[in-house]
Amino acid sequence: MTEQPARDGRLSLEADDRLDAGLTVRAATMSDLAVVVELRLALLREHAQNPIYRRLRPDAPARASRLFAAQLRCEREVTFLAEADGAAVGILRCVASAGLPLLFPARHGYISSVYVVPSARRHGVLRALFTAAIGWCRERGLGEARLHNAVENETANAVWDALGFRVVEHLRVCHLR
């Protein structure tokens, strides 16, 4: 995918020769469960300093296996895997979510659990995953995509900005003791 900004400052989703030739993106299946668990837990571990994500439970792998298996079976969502030369190098989950009852749109795409293994970063993996997610949303008539990302991740903030996302609210945490 091209990394050249469009006239409006966002990055284009048009294919280009710089995307790694061996990269493929596909919907994960139940046979991919172990890889899905591995990549999504790697994402949480990478954000070990984040006030929310640093509270990983000791039994997280077992819980993750049950949770992610249910997500892989759910018809309202998809988990995309990016693979390079047969190895998983990235993941992105996308859900067809209900909107708020008093506001439009009635439904939107919700992107979560986005992770690219460090050695595969800056090779078009995120762009390929994002393109697949946007296509999936459009196929379902969803005209808006939303996501949350860790505030301290400056690289992710810049990438999501470049892909056309803008900050519209902040999540705040107050510990009650």
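Residues numbered from 1 in each chain as written. Predicted model: local features only at pLDDT ≥ 70, side-chain atom pairs only at ≥ 80, totals over all residues. Heavy atoms only, no water.

Caption draft 1: Seen up close, the pairing of strand β4 (residues 107-116). With seven of ten residues buried, β4 lies mostly within the body of the structure. The pairing of strand β3 (residues 87-98) with β4 spans eight bridges and is antiparallel. Across the sheet, alanine 98 pairs through a bridge with arginine 107, a residue of β4. As paired strands, β4 and strand β5 (residues 145-147) are joined by three bridges and run parallel to one another. Directly across from glycine 109, in β5, lies its bridge partner alanine 145. Running through helix α3 (residues 125-139), the crossover from β4 to the neighbouring parallel element β5 is right-handed. (Buried < 20%, exposed > 50% of the residue type's maximum accessible area, 1.4 Å probe, protein only. Helix = DSSP H or I, 4+ residues; strand = E, 2+ residues; numbered from the N terminus. Pairing = 2+ DSSP bridges. Right-handed = clockwise from strand over helix to strand, strands pointing away.)

Caption draft 2: Examining a nonpolar patch on the surface more closely. Judged by side-chain polarity, Ile52, Tyr53, Leu171 and Val173 come together as a nonpolar surface patch covering roughly 360 Å² of accessible area. With respect to the helices and strands, the residue isoleucine 52 is situated in the loop between α1 (33-46) and α2 (60-73). (Patch = residues over 30% accessible without salt bridge, like charges linked within 9 Å, V, L, I, M, F, W, Y side chains within 5 Å. Areas by Shrake-Rupley, 256 points an atom, 1.4 Å probe, with all protein chains shown as cover. Salt bridge = Lys/Arg side-chain N within 4 Å of Asp/Glu carboxyl O.)

Caption draft 3: Up close: the sheet that holds β4. In space, the five strands of this open sheet follow the order β1-β2-β3-β4-β5, with mixed pairing throughout. Looking along the sheet, the strands with just one partner apiece sit at the ends: β1 (23-27) and β5. Between one strand axis and the next, the sheet turns by 25 degrees as a mean value, whatever way the strands run. α3 contacts β1, β2 (77-84), β3, β4 and β5 of the sheet and is inclined by roughly 30 degrees relative to β3. (Axes fitted to C-alpha atoms, helices over the stretch in contact; angles between N-to-C directions. Contact = heavy atoms within 4.5 Å.)

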